[in-house]
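Take a look at the letters that make up each chain.
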Amino acid sequence: MVCVVVSAFDPLSVGSLELSNRLAVPAMVTRLSGEDGFVNEPIVERYRRFAEGGVGLIVVEASAIHESRSGPLLRVSSDEFVPGLERVTQACHSAGPAKVFLQIIHFLKIARSGWRQKIADLGVDDLEVLPGLFADAAERAALAGFDGVELHMAHAYTLSSFLSRQNRRRDEYGRTLENRLRLPTAVMQAVTERVGDFPVSVRFNADEAIRRGYSVDDAAVFAVRFADLGAAYVSLSVGGKFEDAVHRDGEPLYPYTGFSGDRCMPGSNYPDAVNIWMARSVRRELRAAGHDTPVLGTGKIGSVELADRVLDDESCDIVGMARALLADPYLPAKARDGRVDETVRCIYCNVCKSLDGSFKTVVCYLWPAGATQAPRPGESTESELLWTNDKPLNATLRPGEVRLSWPAADGGATGYDLMRSTDGGTFDRITACTRTRHLDDRALSGHRYQYRVVPYDSAGRRGQASNRVEVDLMADQ
Ligand SMILES: Cc1cc2nc3c(=O)[nH]c(=O)nc-3n(C[C@H](O)[C@H](O)[C@H](O)COP(=O)(O)O)c2cc1C
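What you are looking at is a predicted structure, and each value in this text was computed from that prediction instead of being measured.

Participant: Tell me about the overall build of the chain, residues and numbers included.
Facilitator: Secondary structure assignment for the chain yields 14 helices and 18 strands. In terms of overall size, the chain behaves like a compact globule, its C-alpha atoms giving a radius of gyration of 23 Å where 477 residues would be expected to give roughly 23 Å. On the principal axes, the C-alpha backbone points of the chain span a range of 70 × 60 × 50 Å. Across the 477 residues of the chain, 57% fall into the buried class. The long-range share in the chain, meaning contacts at least 24 apart out of those at least 6 apart in sequence, stands at 69%. For the chain, the accessible area works out to roughly 20000 Å², and carbon and sulfur atoms hold 47% of it.

Below you can see the structure in the form of structure tokens.
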């Protein structure tokens, strides 16, 4: 038997395109544009860095196909946006091998009172204009030099609301699976008819993660439909719905505040690759239906090592890493060059998500204070991070928790990896901190723990590891 091992750095055919590797930046709103929706220099810079970092695919953030007002969001709703978007594609194409897609979105109105327009409020006339709007936007993306478009049918937005099991419209656009697919199908057909061979992909939820929402069985049907219609790849997300969003006084509803929002951008309390079984299940159905359409999976996959694992067990064909690549866009290059230890690793604290929700510029908590872009590997001056004290790390035991503290390392540390070993095993990174203390509330009686901290600079270079401290809870059993 021949055993084929698939790795993140293997190339992949996506329709008529060849990706140089299987790592992708999924769409991630930056809130760097003004409300006018035009591309500006910080946006170009953000995407240039992703390309420099060596990913195979970059999906540029959700860009509105219509004029409806919103907070800061990119737009592709008229030809005047094309030159700006072209600056993004040019910057990416000249910086690295990545293919660049534009995610295009239609959303309904929301108000600070918590009111939101629903698909039930739309007349058939309103729906009939949507396929044309998507086709116009896709044509502009092609003109701007993108390698493809991704139709946003995930989360809380218009097309996702049609696919939803909560779509109870009483006309031919609601309730049954066929009716729920009617508008998304018309959109896909209008786009492909307009743009010909230009690659068109679709992002939708594998699971809505809401009560009476759909799950992988419906998602597999959607995947087969979009593959039948020629999707270049299907990208699977989860949740992010208005139905369980928490309304805060005076703010418009943000669809990532409830449980479905947690499932969409799983935080530190969720296991790694928590949603990948859904991608695997949809992919299996797609293959059973005779389609080799690549499947993009996401959700707390933060290292090339883990990406290799989910690719190799055939859970997906492309691995989306949103927050991990925000934290360090150079993660692929560092892994490929054997410099994994220089990666600024995402801790899934979701500060980026909160910034998105309050319409503030999306930055990473682990970047140097005040930075609006991730530091380039060579950007900070070489400095050795050292401890002046030879036993900087201190641990104090309280019932059920270990309090750790240390002084700032000399040489300009940006943050600290906190490492823990259990019962003499290997040291795993339990978190990263920009402060000089941490509370470990996951220490259990009957075990022996060792801790150490490793400082890193803004380029991710690790400094000298601290002393090890041991906390023995064996006797507490
Ligand atoms: C700040 C932020 C903005 C996002 N914006 C989008 C978006 O524009 N379109 C989209 O489909 N998903 C968006 N997402 C979801 C991500 O693409 C991704 O599915 C999610 O973060 C889970 O992947 P991860 O665990 O690798 O971060 C966003 C996520 C974050 C954190």
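On we go.
Participant: Please give an account of the domain arrangement of the chain that cites residues and values.
Facilitator: Along its sequence, the chain is carved into domain 1 (12-357) and domain 2 (394-476). The C-alpha centroid of domain 2 is placed 36 Å from the C-alpha centroid of domain 1. At the interface, eight residues of domain 1 touch nine residues of domain 2. Both sides of the domain 1 and domain 2 interface together cover about 610 Å² of buried area, and 47% of this is carbon and sulfur. The largest share of the area that domain 1 buries against domain 2 comes from Val344, Arg345 and Ile347, three residues that together contribute 62% of it. Summed over the shared surface of domain 1 and domain 2, the number is one salt bridge. Where domain 1 touches domain 2, the interface holds three residue pairs in polar contact (both at pLDDT 80 or more).

Participant: Describe the pattern of salt bridges, listing the residues and the values that go with them.
Facilitator: One pass over the structure, following the stated rule, counts 29 salt bridges. Between Glu208 and Lys241 there is a salt bridge, with the nearest N and O atoms lying 3.3 Å from each other. Of this pair, Glu208 sits in the loop between β8 (200-207) and α8 (216-228) while Lys241 sits in the loop between β9 (234-238) and α9 (259-264); the two residues are 33 residues apart in sequence, bridging distant segments of the chain. Here Glu208 and Lys241 have matching classes, each one buried. Asp313 is paired through a salt bridge with Arg280; the nearest N and O atoms lie 3.7 Å apart.

Participant: Can you break down the packing of aromatic side chains residue by residue, with the values?
Facilitator: All chains considered together, the criterion is met by 11 aromatic pairs. Over the ring of Phe427 we find Arg452; its NZ or CZ atom is 4.3 Å from the centre of that ring.

Participant: An account of unusual backbone geometry is requested, with residue identities and associated values reported.
Facilitator: Although it is not a glycine, Arg31 adopts a positive phi angle of roughly 55°. Along the chain, Arg31 falls in the loop between β3 (23-25) and α1 (41-52). Arg31 gets classed as buried once you look at its relative accessible area, which sits at 11%. Not every positive phi belongs to a glycine, and Ala209 is a case in point at roughly 55°. Within the element layout of this structure, Ala209 appears in the loop between β8 and α8.

Participant: Lay out the site of the ligand with the relevant residues and their values.
Facilitator: Around the ligand sit 23 residues, and of these Ala27, Gln103, Arg203, Lys300 and Arg323 come closest. In the environment of the ligand, a nitrogen atom lies 2.8 Å from a nitrogen or oxygen atom belonging to the side chain of Gln103. Relative to its free-state accessible area of 610 Å², the ligand is covered by the protein chains to the extent of 98%. The residue makeup of the shell around the ligand, split by class, is 12 nonpolar, seven polar and four charged.

Participant: I'd like to hear about the nonpolar core, residue by residue, with values.
Facilitator: Ranked by internal contacts, the top residues of the largest apolar core, which has 104 residues, are Ile58, Ile104, Leu151 and Phe204. By residue number, the principal contributor to this core is α8, which donates six residues. Not counting residues within four places of it along the chain, the set of residues in contact with Phe204 comprises Met153, Ala154, Leu163, Tyr214, Ala219, Phe222, Ala223, Phe226, Val234, Ser235, Leu236 and Ser237. One finds Leu393, Trp406, Leu418 and Val469 within the second-largest nonpolar core, a separate group that totals 16 residues.

Participant: Describe the environment of Asp308, listing the residues and the values that go with them.
Facilitator: If you trace the backbone, Asp308 turns up in helix α11 (residues 304-312). Looking at Asp308, the relative accessible area reads 25%, which means it is partly exposed. Considered as a pair, Asp308 and Leu23 are 285 residues apart in the sequence and their alpha carbons are 9.8 Å apart.

Participant: Can you tell me about the sheet that holds strand β17 (residues 448-456), naming the residues and giving the values?
Facilitator: Overall, antiparallel pairing links the four strands, which are arranged β15-β14-β17-β18 in an open sheet. The sheet terminates laterally at β15 (428-433) and β18 (469-472), the two strands that pair on one side only. Strand-to-strand twist of the sheet, defined as the mean angle between neighbouring strand axes without regard to direction, takes the value 25°. Across five bridges, the pairing between strand β14 (residues 415-422) and β15 is antiparallel.

Participant: Describe a negative patch on the surface, with residues and values.
Facilitator: Together, Asp125, Asp126, Glu128 and Glu172 make up a negatively charged patch on the protein surface. Mapped onto the secondary structure, Asp126 falls in helix α3 (residues 124-128). Of the residues examined, Asp126 reaches a relative accessible area of 40% and is grouped as partly exposed.

Participant: Please give an account of the pairing of β14 that cites residues and values.
Facilitator: Burial of β14 is extensive: seven of the eight residues sit out of reach of the surface. The pairing of β14 with β17 spans eight bridges and is classified as antiparallel. Paired with Thr422 across the two strands is Tyr449, which belongs to β17.

Participant: Quick one: what's the story with a positive patch on the surface, residue by residue and with numbers?
Facilitator: Residues Arg165, Arg168, Arg170 and Arg175 make up a contiguous surface patch of positive charge. If you trace the backbone, Arg170 turns up in the loop between α5 (158-163) and α6 (177-180).

Participant: I'd like a description of the sheet that holds strand β13 (residues 401-405), backed by residues and values.
Facilitator: Strands sit in the order β12-β13-β16 across an open sheet of three strands; the sheet is antiparallel. Two strands bound the open sheet, and with one partner strand each, they are β12 (394-398) and β16 (437-440). The sheet shows a mean angle of 20° between the axes of neighbouring strands, direction not considered. Note that β12 and β13 share five bridges and pair antiparallel. Bridge assignment links Leu397 to a residue of β13, and that residue is Val402.

Each value, and the rule that gives it
Residues numbered from 1 in each chain as written. Predicted model: local features only at pLDDT ≥ 70, side-chain atom pairs only at ≥ 80, totals over all residues. Heavy atoms only, no water. Helix = DSSP H or I, 4+ residues; strand = E, 2+ residues; numbered from the N terminus. Rg over C-alpha atoms; globule rule 2.2 N^0.38 Å. Buried < 20%, exposed > 50% of the residue type's maximum accessible area, 1.4 Å probe, protein only. Contact = heavy atoms within 4.5 Å. Areas by Shrake-Rupley, 256 points an atom, 1.4 Å probe, with all protein chains shown as cover. Domains from an automatic or database assignment. Buried area = accessible area lost by both parts, 1.4 Å probe. Salt bridge = Lys/Arg side-chain N within 4 Å of Asp/Glu carboxyl O. Polar contact = N/O pair within 3.5 Å; in protein donor to acceptor, adjacent residues only side chain to side chain. Phe/Tyr/Trp six-rings, centres within 6.5 Å; stacked < 30°, edge-to-face > 60°. Lys NZ or Arg CZ within 6 Å of the ring centre and 35° of its normal. Near = heavy atom within 4 Å. Nonpolar A, V, L, I, M, F, W, Y, C, P; charged D, E, K, R; others polar. Core = buried A, V, L, I, M, F, W, Y, C linked by side-chain atoms within 4.5 Å. Pairing = 2+ DSSP bridges. Axes fitted to C-alpha atoms, helices over the stretch in contact; angles between N-to-C directions. Patch = residues over 30% accessible without salt bridge, like charges linked within 9 Å, V, L, I, M, F, W, Y side chains within 5 Å. Lys, Arg positive; Asp, Glu negative; His and termini not counted. Charge placed at Lys NZ, Arg CZ, Asp CG, Glu CD.

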